[in-house]
Amino acid sequence: MNHRRYDSASVAEKYALERGRHRDLYAPVEKIRVIEVENFPSLGRLAALRFIEWVLRNPGGVIALPTGKTPEYFIKWVRHVLAGWRTNEVRGVLAGHGIDAGAPPDMRALTFVQLDEFYPIDPAQHNSFHHFVNEYYIRGFGLDPAKALLIDTSAIGVPPGRTIAGIFPGNMVDLTLRTRHLRDDREIIQKEVISRVDEFCMAYESRIRELGGIGFFLGGIGPDGHIAFNVRGSGFYSVTRLTPTNYETQAAAAADLGGMELSRNRLVITIGLETITWNPDCTAIIMAAGEAKAGVVARAVEGPKSPQSPASILQGLDGARFYLTRGAASGLTERRYADLAGSGAPDEETTDGIVIRCALSGRKPLRDLGPEDAAADRFAGLLVEKTGKTTLDLGVAAAGRMTAKIAAGLRQVSGTVFLHTEPHHDDIMLGYLAHIYHLVRDPSNVHYFANLTSGFTSVTNAFMNSRVGSLGKFSHDPEVAAMLSDGYFDPSDVRHRMEDVYLYLDGVAAGDGAMMERAEAYRFLRSLVEVYGVSDPGKISDRIAELGEYFSSTYPGAKDPAEIQTLKGTVREWEVELLWAYFGIEASSIRPLRLGFYTGDIFSPEPETGRDALPVYEYIREVRPGVVTVAFDPEGSGPDTHYKALRAVAGALKLYAENDGGGGVRVWGYRNVWYRFTPAEANLYVPVSLNSLSLMDTAFTTCFASQRSASFPSYDHDGPFSGLARKIQVEQYTMAKACLGADYFLKHEHPRLRAARGMIFLREMNLPEFFKKVRELRDLTELPGSGGA
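Throughout, a residue's number is its position along its own chain's written sequence, starting from 1. Given that this is a predicted model, residues contribute local features only at a pLDDT of at least 70 and side-chain atom pairs are listed and counted only at 80 or more, while totals for whole chains, interfaces and linings are drawn from all residues. Side-chain measures were taken over the full set of non-hydrogen atoms in the model, leaving aside hydrogen atoms and water.

A.B. asks: Mind laying out the sheet that holds strand E8 (residues 267–270), listing which residues take part and the relevant values?
C.D. replies: Sheet architecture is open: three strands sit in the order E4-E8-E7, paired in antiparallel fashion. The outermost strands of the open sheet, each flanked by one partner alone, are strand E4 (116–119) and strand E7 (241–243). The sheet shows a mean angle of 25° between the axes of neighbouring strands, taken without regard to direction. Only strands joined by at least two bridges in the DSSP assignment are considered to pair. Strands here are runs of E lasting at least two residues and helices are runs of H or I lasting at least four, both read from the DSSP assignment and numbered beginning at the N terminus. The pairing of E7 with E8 spans three bridges and is classified as antiparallel. Residue pairing in the sheet places Thr-243 in a bridge with Val-268 of E8. Only heavy atoms matter for contacts: two residues are in contact if any of them lie within 4.5 Å across the pair. Think of each axis as a best-fit line through the C-alpha atoms, taken over the contacting stretch in the case of a helix, with angles from 0 to 180 degrees between the N-to-C directions. Where helix H7 (residues 185–210) meets the sheet, it contacts E4, E7 and E8, and its direction lies at approximately 135° from that of E7.

A.B. asks: Describe the side chain of Thr-629, with residues and values.
C.D. replies: Locating Thr-629 in the fold gives a position in strand E14 (residues 627–631). Accessibility here uses a 1.4 Å probe with only protein chains present; expressed as a share of the type maximum, an area under 20% marks a residue as buried, one over 50% as exposed, and anything in between as partly exposed. With relative accessibility at 1%, the residue Thr-629 sits in the buried group. Of the polar contacts made by the side chain of Thr-629, one reaches the side chain of Tyr-432; its length is 2.7 Å. The residues touching Thr-629, leaving out its near neighbours within four places in the chain, are Leu-419, His-420, Thr-421, Tyr-432, Trp-668 and Tyr-670. Distance and chemistry together define a polar contact, namely a pair of N or O atoms within 3.5 Å, with one atom able to donate a hydrogen and the other to accept it when in protein, and with adjacent residues in sequence counting only for side-chain atoms on both sides.

A.B. asks: Lay out the pairing of E8 with the relevant residues and their values.
C.D. replies: Burial of the side chains of E8 extends over both faces: Leu-267 and Ile-269 are buried on one face and Val-268 and Thr-270 on the other. As paired strands, E4 and E8 are joined by four bridges and run antiparallel to one another. Looking at E8, one finds that Glu-117 is bridged to Ile-269.

A.B. asks: Can you explain the nonpolar core? Please cite residues and give values.
C.D. replies: Only buried residues count toward a nonpolar core, which is a set of Ala, Val, Leu, Ile, Met, Phe, Trp, Tyr and Cys residues joined through side-chain atoms within 4.5 Å. Judged by nonpolar contacts, the single largest core of 102 residues is most densely connected at Phe-51, Phe-74 and Phe-322. The dominant element in this core, judged by the number of residues it contributes, is helix H2 (residues 40–57), at 10 residues. Contacts of Phe-322, omitting those with residues within four sequence positions, involve Ile-32, Arg-33, Val-34, Ile-35, Ile-221, Ile-286, Val-297, Ala-300, Val-301, Ala-311 and Leu-314. Counting 63 residues, the second-largest nonpolar core is a separate cluster that includes Ala-450, Phe-632, Ala-645 and Leu-740.

A.B. asks: How would you sum up the pattern of salt bridges? Please name residues and give values.
C.D. replies: Throughout this description, the term salt bridge denotes a Lys or Arg side-chain nitrogen within 4 Å of a carboxyl oxygen of Asp or Glu. Taken as a whole and judged by the stated rule, the model has 60 salt bridges. Across the salt bridge formed by Arg-108 and Asp-144, the nearest N and O atoms sit 3.5 Å from each other. Taken as a pair, Arg-108 in the loop between helix H4 (88–95) and strand E3 (111–113) and Asp-144 in the loop between helix H5 (129–139) and strand E5 (148–149) lie far apart in primary sequence, 36 residues in all. The partly exposed category is assigned to Arg-108, whose relative accessible area is 47%.

A.B. asks: I'd like a rundown of helix H17 (residues 427–439), residues and numbers included.
C.D. replies: Between its first and last C-alpha, H17 extends 17 Å over 13 residues, near the 18 Å set by a 1.5 Å rise per residue. Counting buried residues in H17 gives 12 out of 13 residues, a clear majority hidden from the surface. For H17, the set of buried residues is Asp-427, Ile-428, Met-429, Leu-430, Gly-431, Tyr-432, Leu-433, Ala-434, His-435, Ile-436, His-438 and Leu-439. Given the number of residues in a helix, its expected span is that number minus one, multiplied by 1.5 Å.

A.B. asks: Kindly report on the packing of aromatic side chains, identifying the contributing residues and their values.
C.D. replies: Ring pairs shown here join Phe, Tyr and Trp side chains whose ring centres sit within 6.5 Å, with only the six-membered ring taken for Trp; geometry is labelled stacked below 30 degrees between planes, edge-to-face above 60, and tilted in between. The full count for this structure, using the stated rule, is 38 aromatic pairs. Where Tyr-733 meets Phe-745, the ring centres are 5.2 Å apart and the plane angle is 75°; that geometry is what we call edge-to-face. Note that Tyr-733 is positioned in helix H27 (residues 721–740) and Phe-745 in helix H28 (residues 742–746), a separation of 12 residues in sequence. By the burial criterion, Tyr-733 is buried, and Phe-745 matches it. Ring pairs connect the aromatic residues Tyr-6, Phe-51, Trp-54, Phe-74, Phe-112, Phe-132, Tyr-136, Tyr-137, Phe-141, Phe-216 and Phe-603, which therefore count as one cluster. The cationic tip of Arg-378 hangs over the ring face of Tyr-337; the distance from NZ or CZ to the ring centre is 4.4 Å. Any Lys NZ or Arg CZ that is within 6 Å of a ring centre and within 35 degrees of that ring's normal is treated as a charge sitting over the ring.

A.B. asks: Give me the lowdown on the sheet that holds strand E1 (residues 33–37), citing residues and values where you can.
C.D. replies: Ordered by their spatial adjacency, seven strands build an open sheet running E1-E10-E9-E6-E2-E3-E5, and the pairing between neighbours is parallel. If you trace the sheet from one side to the other, it starts and ends with E1 and E5, each paired once. By the bridge criterion, two bridges tie E3 to E5 in an arrangement that is parallel. Residue pairing in the sheet places Val-113 in a bridge with Leu-149 of E5.

Pasting the structure below:
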């Protein structure tokens, strides 16, 4: 079989490089060309324009495009360009990237190759990749379905009259059946189906090669460095196959499949690493955003070619590119060095970042750094050269600034109104609970909380079914009937709402599980009354039965109807009321805003001023805070809910500053399990004691019942988020202790520093600084001519 020749030249990339700060390759350290952009949304724009350019140059080519959230802005921009091809606005965008705006690309001439799919999965499910590519690429881009190579796992090798679910109960597929002795008739059928799947994979691979190989490949990079589903350890000569995955990949896929309970045992069909690179003319682009990806990116681009870094296979492909945000590129050493060398006098944040890294790598306190450390660290050496200061002087100054940040974190805050905002209901807890623990001790401070979304996507059907079953035990209780008659479950009754909370916490204190279960049932019943408007015992019983049927029969990961979404959201709202009741804060100080951009769709809509910023603004006007806290993810690298919530809060604060004289508000940016501040970025260091670390763990497992089983975990930690937050805070303390020396903490006059075993990093900003960061994101998330918050 012959390779098809493709034209991989790109003017669009040349234009992007001219606008950027770096060249595309710093050889010999870098082995794959890199183009940097500001943030995640701008990756999609550049990838879309490069794709359009490639299609124009290679009519009728073979393309392979990604699924999941990675291609959100790629898809939006491609559709925008195709739909507006004849408009002056689109022609201007194309011309600005050197792309011929003559005849539009012939999308129906292309052949589409599906990269991968879960096995088994019903292709009709909206969370199958088969559904995704049909919805967003075949129909969305106007491709010809007759020219698409797709993976329908429900039909491959299944005998007539049988179903995949019947052959593999619980979707459990045992690949040892390929080689081991078979015990019964069921295993004989299962092995036959697995063999047919293996034959399908061989034929799929052969068909791709008959087409001349993939000409344009676009993908993301997983937390273990995987591309497609070629996880860490995949062979460079791997081809299309049925295979298991690893923990990191399973955790990343949990949201697609409806929970870790399902993704942990789910197999995949994936094209191989050799499938991607078989055609030497292939244009292969990897998109990555955020510092969380910096390590895997650096290993792929700078490290040796190794199966432990699957994306490093692209080092041998001339048309390979990494499109990266600055955060994702931050681990590429030559680029950081070029930035430092080409800059003027470095600012304090840059200086501290270099000096702190030097101290940590040399395992020395900052105040002990000497000339030998600058000699061993070329960044520190260049810093000495540029500043004219000795390494010791730089270390002492950095240590002084670090101790000032700790002092700022210890400073008593009084007479302040706080508005704590969070995209999800546990974000504040996982970000800075220990700081609230101290802030609430001063009664002159007032605390309000805004839950920006309802968080329903993190509540599984299995958990809801357990709630329905629990409520069923109480639904015929005479006491409950009397409470219904008396109006106890009136959703607007804040006093009785708090009685649910106090009953639960009394049960926690007494170790009385029955009391806790009763409180949960009361709140769930209150939510039923709110969502469905029913208060008649008979109708409530009917509704309980209907919900039990729904949660038992609906496949995990399905998009729920609006009422189910709201009901799931009330579970999260109950959990956060339990948490803040620990500190005596009542539900009246907690506002569930349920912003409209949070829809449960794979690509949620962009924030809008009227729908999303205005409710936040109205709450700000109501409480008039001096400090507003916000999950600070300006690069758009964590969950998309985070940066969309960030934009909604920024829009609200802008309205408040312009219309209500609120320009003096301070913003505290926090990060948690998805995205972290470096020691140089943070300017408030809050010490965390063992007691506070323990409180976070206990409160999380006590209050956030829907999250105890870690159905949607981080790929960094196999367990509840509180365990990862604890790990991060301990790591941050360890860095601070290494920089300042153990004695600084252990012999300090302040008891909170002697007791510290963790550290919270926050960044305090005035409004102009905050707006500048968010504006950089807004400018690149909006399509031309669109509005937004």
